[in-house]
Amino acid sequence: QVQLVESGGGLVQTGGSLRLSCAASGRTDSGYAMGWFRQTPGKERVFVAAINWSGGITYYGDQVKGRFTISRDNAKSTMYLQMNSLKAEDTAAYYCAARIETGVVSTRSASYDYWGQGTQVTVSS
């Protein structure tokens, strides 16, 4: 079992920055992949970014490439999402996820085994 807790969300103006964190606890000694997804009311969860265990492989959704950076610190069992140049369309609940059975990165939400409770990001214009 893995527990994931997101933090760092909040209200920011257009063009601003936020850094989200995802702290993992429980079975954190295996080489698992992690990812960030976001969701707005009435819509499906959308892929944002993903990272493998070592951090050497990262994927980004087209809508955030060049603005967001995913990273992780395995010594702290924590993953991060640095979000710069935020736009109103980035407003969403952001969820972190862990793929325990494999360290292979995936952009599909169905590939992930554990999810956090989400943190709200609101970008005002």
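Residues numbered from 1 in each chain as written. Predicted model: local features only at pLDDT ≥ 70, side-chain atom pairs only at ≥ 80, totals over all residues. Heavy atoms only, no water.

Trainee: For the overall build of the protein chain, give the residues involved together with the corresponding values.
Mentor: Of regular secondary structure, the protein chain possesses zero helices and eleven strands. Its helices and strands in sequence order give the protein chain the pattern β-β-β-β-β-β-β-β-β-β-β, from N to C terminus. Computed over its C-alpha atoms, the radius of gyration of the protein chain comes to 13 Å, within 12% of the 14 Å expected for a compact globule of 125 residues. Overall, the C-alpha framework of the protein chain stretches about 40 × 30 × 25 Å when taken along its three principal axes. Scored against the burial criterion, the 125 residues of the protein chain give a buried share of 46%. Expressed as a percentage of contacts within the protein chain between residues at least 6 apart in sequence, the contacts between residues at least 24 apart total 58%. Working note: accessible area of the protein chain is about 6100 Å², and carbon and sulfur atoms make up 47% of it. The averaged location of the 9 negative side-chain charges in the protein chain is 3 Å from the averaged location of its 12 positive side-chain charges. (Helix = DSSP H or I, 4+ residues; strand = E, 2+ residues; numbered from the N terminus. Rg over C-alpha atoms; globule rule 2.2 N^0.38 Å. Buried < 20%, exposed > 50% of the residue type's maximum accessible area, 1.4 Å probe, protein only. Contact = heavy atoms within 4.5 Å. Areas by Shrake-Rupley, 256 points an atom, 1.4 Å probe, with all protein chains shown as cover. Lys, Arg positive; Asp, Glu negative; His and termini not counted. Charge placed at Lys NZ, Arg CZ, Asp CG, Glu CD.)

Trainee: Before we move on, could you go through the nonpolar core and cite the residues and values that matter?
Mentor: The biggest cluster of nonpolar side chains holds 27 residues, and the ones touching the most others in it are W36, L81, M83 and Y94. Contributing elements (two or more residues each) for this core: β1 (2-7), β3 (18-26), β4 (33-39), β5 (46-51), β7 (68-73), β8 (78-83), β9 (92-99) and β11 (119-124). One finds F37, F47, A97 and Y112 within the second-largest nonpolar core, a separate group that totals six residues. (Core = buried A, V, L, I, M, F, W, Y, C linked by side-chain atoms within 4.5 Å.)

Trainee: Requested: an account of the packing of aromatic side chains, with residues and values cited.
Mentor: Under the defined criterion, the tally for this structure stands at five aromatic pairs. Measuring from centroid to centroid gives 6.2 Å for Y112 and W115, while their planes differ by 65°, and the two rings are edge-to-face. Residue Y112 is classed as buried on the basis of its relative accessible area, which comes to 5%. On the basis of relative accessibility, which here comes to 28%, the residue W115 falls in the partly exposed class. (Phe/Tyr/Trp six-rings, centres within 6.5 Å; stacked < 30°, edge-to-face > 60°.)

Trainee: I'd like to hear about the environment of S124, residue by residue, with values.
Mentor: Relative to the elements of secondary structure, S124 occurs in strand β11. Judged by relative accessible area, S124 falls into the partly exposed class, the value being 26%. Between the C-alpha atoms of S124 and E89, which are 35 residues apart in sequence, the distance is 9.5 Å. Other than its neighbours up to four places away in sequence, S124 contacts L11, V12, Q13 and T14.

Trainee: Explain the pairing of β9 to me, using residue names and the numbers behind them.
Mentor: Taking burial as the measure, the eight residues of β9 include eight buried ones, the bulk of the element. One ladder, built from seven bridges, connects β4 with β9; its direction is antiparallel. Its bridge partner being in β9, Q39 is matched across the sheet by A93. As defined by bridge partners, β9 adjoins β11 across three bridges and the pair is classed as antiparallel. Its bridge partner being in β11, Y94 is matched across the sheet by T119. (Pairing = 2+ DSSP bridges.)

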